[in-house]
Amino acid sequence: MKYADSVLDLIGHTPLVKLNKVTEGIDATVLVKLEYLNPGGSIKDRIALKMIERAEAEGKLSPGGTVVEPTSGNTGVGLAMVAQQKGYKTVFVTPDKVGQEKRDVLRAYGADVVVVASAVAPDSEYSYYGVSDRLTRETEGAYKPDQFANPAAPDSHYETTGPEIWADTDGKITHFVAGAGTGGTITGTGRYLKEVSKDRPEGPVKVVVSDPDGSVYSGGTGRPYFVEGVGEDMWPGNYDPAVPDEVQPVTDAEAFEMTRRLAQEEGLLLGGSSGMAVVTALKVAKDLPKDAVVVVLAPDSGRGYLAKIFNDQWMNAHGFPTSGGSAETTAFPP
Ligand code: PMP
């Protein structure tokens, strides 16, 4: 019989798929690593598992404990799933601007959610951070993983994401492209790939960050943009600027157009940060020879963005063009 002992054993080992349509005119091979195929639906399952296992090993989390984290997105899902399987409670603090559906996902896993006001100063005791710090202090056996600064996050990518890419490309990867939010993915994966390839004749893997135009990583001021999960308005502890060889800005319009094309032309329903990273991967690949292998990381699925990137009205209302749309008509009885 072939089965996993628990859902936790299904984290990682995600496949690479070649892009065939959006790569028209490109000679190099462009491969996408599909992280939505993790059981929690995103790359964040990897860091959730590692952060919790390390906290257990270090005695920071023990039976009856509670995981407290200010997050409403993919990291929350990963933590809720891993904590539940290991017998811990979870409490997530989310701003009220976060959609009800995202909070419902966390509650579906059995997590408690505390909603806080978005329009509060960051240093207030009622802010996102203020409330999560207070809950961590006041809850017995509480542990706050802190994905922005916890070294277990990049370590999980150094130990799993990087080696998987190296093995699946038989060491032929020449370029690695990914976005950076907390920076954990690019730091851990990029560091592993550069180290493992440093002595080969063709030189080490080149690491390129794809960044929302406006984010500090690509020299922006931190001004707002619509792509979710990537870019920053401050420099988190888990982003090591020594790892990337290059950082390229991508506009929301470019990212969203590519996200929609990936669904329509490649059969890949991916999130906006995936579309963004593919834009950069194609720019990188354009000038590369046939034997180059560009691997681009796709953090999550497009399911969470149906009301935005894949919704023509939302796109047009925010000034993004939509083309190649499909029709929805009715065929009801008269
Ligand atoms: N894309 C999405 C959708 C994300 O949720 C995240 C995590 N914030 C990232 C990309 C970036 O990953 P990292 O935090 O490891 O830099």
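Criteria and cut-off values
- Residues numbered from 1 in each chain as written.
- Predicted model: local features only at pLDDT ≥ 70, side-chain atom pairs only at ≥ 80, totals over all residues.
- Axes fitted to C-alpha atoms, helices over the stretch in contact; angles between N-to-C directions.
- Helix = DSSP H or I, 4+ residues; strand = E, 2+ residues; numbered from the N terminus.
- Parallel < 35°, antiparallel > 145°, perpendicular 65-115°, else oblique.
- Contact = placed C-beta atoms within 7 Å.
- Nonpolar A, V, L, I, M, F, W, Y, C, P; charged D, E, K, R; others polar.
- Near = placed C-beta within 6 Å.
- Pairing = 2+ DSSP bridges.
- Core = buried A, V, L, I, M, F, W, Y, C linked by C-beta atoms within 7 Å.
- Buried ≥ 20, exposed ≤ 12 C-beta atoms within 10 Å, placed from the backbone.
- Left-handed = near helix turned anticlockwise from the far one by under 90°.

**Student:** What is the right way to read the packing of helix α7 (residues 252-266) against helix α8 (residues 272-285) from this model?
**Tutor:** Packed helices, taken two at a time, are described by their axes: the angle between them and the distance between them. In contact at an axis separation of 7 Å, α7 and α8 are set at 100 degrees when each is read in the N-to-C sense. Taken as axis vectors, α7 and α8 run roughly perpendicular relative to one another. In contact with Glu 254, Ala 255, Phe 256, Met 258, Thr 259 and Leu 262 of α7, α8 contributes Gly 272, Ser 274, Gly 275, Met 276, Val 278 and Val 279. Classifying every residue of the contact of α7 with α8 gives seven nonpolar, four polar and one charged.

**Student:** Is there a simple way to think about the site of the ligand in this case?
**Tutor:** Neighbouring the ligand are 16 residues, the closest being Gly 181, Thr 182, Thr 185, Gly 229 and Ser 273. Here the residues of the shell around the ligand are counted per class, giving three nonpolar, eleven polar and two charged.

**Student:** Explanation requested: the sheet that holds strand β8 (residues 206-212) in the structure shown.
**Tutor:** Within a sheet, each strand pairs with its neighbour through backbone hydrogen bonds, oriented either parallel or antiparallel. Strand order in the open sheet formed by six strands is β1-β2-β10-β7-β8-β9, with mixed pairing between adjacent strands. With partners counted over all chains shown, the strands left at the sheet margins are β1 (16-18) and β9 (246-250), one partner each. Mean inter-strand twist for the sheet, computed between neighbouring axes without regard to direction, equals 25 degrees. One ladder, built from five bridges, connects β8 with β9; its direction is parallel. Paired with Ser 210 across the two strands is Gln 248, which belongs to β9.

**Student:** How do you make sense of the nonpolar core when you look at a structure like this?
**Tutor:** Here is a general trend for soluble globular proteins: nonpolar side chains tend to be buried in one another's company. Within the largest apolar cluster, 54 residues are counted, with the highest numbers of intra-cluster contacts made by Val 30, Val 177, Ala 277, Val 278, Ala 281, Val 294 and Val 296. For this core, the element with the highest residue contribution is α8, accounting for eight residues. Excluding its chain neighbours within four sequence positions, the residues that come into contact with Val 278 are Val 22, Val 32, Met 258, Leu 262 and Val 296. Core analysis: the next-biggest nonpolar cluster, separate from the first, contains 29 residues, Ala 55, Val 67, Phe 92 and Leu 135 among them.

**Student:** What exactly am I supposed to notice about the packing of helix α1 (residues 44-57) against helix α2 (residues 74-85) here?
**Tutor:** The N-to-C vectors of α1 and α2 enclose an angle of 50 degrees; their axes lie 8 Å apart at closest approach. Relative to α2, the element α1 lies oblique. Between α1 and α2 lies a crossing whose hand is right-handed. Contact residues: α1 offers Lys 44, Asp 45, Ile 47, Ala 48, Leu 49 and Ile 52, while α2 offers Asn 74, Thr 75, Val 77, Gly 78, Leu 79, Met 81, Val 82 and Ala 83. For the contact of α1 with α2, a count of residues per class yields nine nonpolar, three polar and two charged.

**Student:** How do you make sense of the pairing of strand β3 (residues 66-69) when you look at a structure like this?
**Tutor:** Two faces make up the sheet, and in a regular strand the side chains alternate between them. Looking at chain direction, β3 and strand β4 (residues 89-95) are connected through four bridges and run parallel. Note on β4: the bridge partner recorded for Glu 69 is Phe 92. Taken together, the two bridges between β3 and strand β6 (residues 142-143) define a ladder with parallel strand orientation. Note that in β6 the partner of Thr 66 across the bridge is Ala 142.

**Student:** It is not clear to me how the environment of Leu 135 should be interpreted in this structure. Could you clarify?
**Tutor:** On the secondary structure map, Leu 135 appears in helix α4 (residues 128-138). As a C-alpha pair, Leu 135 and Glu 69 span 66 residues in sequence and 9.5 Å in three-dimensional space. In this structure, Leu 135 is in contact with Val 68, Val 91, Val 93, Val 114 and Ala 142, ignoring residues within four places of it in sequence.

**Student:** Please explain unusual backbone geometry as it appears in this structure.
**Tutor:** Peptide bonds are trans in most cases, and residues, glycine excluded, mostly fall at negative phi. Backbone geometry places Asp 146, a non-glycine residue, at a positive phi of 55 degrees. Residue position: Asp 146 is located in the loop between β6 and α5 (152-168). The phi dihedral of Asp 170 is positive, around 50 degrees, even though this residue is not glycine. Looking at where Asp 170 falls in the secondary structure, it is placed in the loop between α5 and β7 (175-179).

**Student:** Please clarify how the sheet that holds strand β5 (residues 112-116) should be interpreted in this entry.
**Tutor:** Reading across the sheet, the four strands line up as β5-β4-β3-β6 and stay open at both edges, with parallel pairing between neighbours. Of all the strands in the sheet, the pair left with one neighbour each is β5 and β6. The sheet contact formed by β4 and β5 spans five bridges and is parallel. Along β5, the bridge assignment pairs Val 91 with Asp 112. Across the sheet, α2 is in contact with β3 and β4; its angle to β3 comes to roughly 175 degrees.

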